[in-house]
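Observations on the model geometry
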Amino acid sequence: KLPQDRQDKLHRLNFCWSELDARWDEKLHEFNDYVRIHGRWPTTRTAPTLYSWMRTQRMLLQRVDNDHNQNPTTTTTTKTATTTTTTTVVADNKTTTSTRSPLTPERIQWR
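Residues numbered from 1 in each chain as written. Predicted model: local features only at pLDDT ≥ 70, side-chain atom pairs only at ≥ 80, totals over all residues. Heavy atoms only, no water.

Re the overall build of the protein
Counted only if it meets this: Helical segments are the DSSP runs of H or I of at least four residues, strand segments are the runs of E of at least two, and each set is numbered from the N terminus. Between buried and exposed lies partly exposed: a residue is buried under 20% and exposed over 50% of the maximum accessible area for its type, with that area taken using a 1.4 Å probe on protein chains only. The contact definition used throughout considers only heavy atoms, calling two residues in contact when any of these lie within 4.5 Å.
Helix and strand counts for the protein stand at three helices and three strands. Going from N to C terminus, the protein has its helices and strands arranged as α-α-α-β-β-β. Here the protein holds 111 residues, and 12% of them are scored as buried. Of the contacts made within the protein by residues no fewer than 6 positions apart, 23% connect residues no fewer than 24 positions apart.

See the structure below:
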């Protein structure tokens, strides 16, 4: 096993531990660059490969949300013009609250 001090050194260098993670990060940077340059999301016509990646990320997020919804829960959602706050009470009475702002090109942190 790689000693912790060596792991820490690699982490500080943003070492990529898996090829899959590296490819995902590369696509994220490509997506980020596209939106910065064009000021809009990719489409099937303008960047079909990037659009497909973006669509896959949305489907994966929805799949995670659906998995969470299979547990008996009560969910309350409050929306304002700038944020959405969701409070969920799971069957075992644990409460979670999350606040999200809509993802728009203006919110992306440019490199």
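Anyway, onward from the coordinates.
Digging into the side chain of Gln-7
What counts, and what does not: Two N or O atoms form a polar contact when they lie within 3.5 Å of each other; inside protein one atom must be a possible hydrogen donor and the other a possible acceptor, and for residues adjacent in sequence the pair counts only when both atoms belong to side chains.
Within the secondary structure, Gln-7 is located in helix α1 (residues 4-12). A polar side-chain atom of Gln-7 sits 2.7 Å from the main-chain carbonyl oxygen of Leu-2. Beyond its immediate chain neighbours, meaning those up to four positions away, Gln-7 contacts Lys-1, Leu-2 and Trp-17.

A short note on the packing of aromatic side chains
Here is the rule: Pairing of aromatic side chains here covers Phe, Tyr and the six-membered ring of Trp, requires ring centres within 6.5 Å, and sorts the geometry by plane angle: under 30 degrees stacked, over 60 edge-to-face, intermediate tilted.
Applying the stated criterion to the full structure yields four aromatic pairs. Here the aromatic rings of Phe-31 and Trp-41 are separated by 5.3 Å at their centres, their planes lie at 15°, and the arrangement is stacked. Here the residue Phe-31 occupies a position in helix α2 (residues 19-38), and Trp-41 occupies one in the loop between α2 and α3 (48-69), the gap between them amounting to ten residues. Accessibility expressed as a relative area gives 24% for Trp-41, which makes it partly exposed. Feature note: the residues Trp-24, Phe-31, Trp-41 and Trp-53 constitute an aromatic cluster, connected by ring pairs.

The values reported here are purely geometric and, on their own, carry no functional implication.
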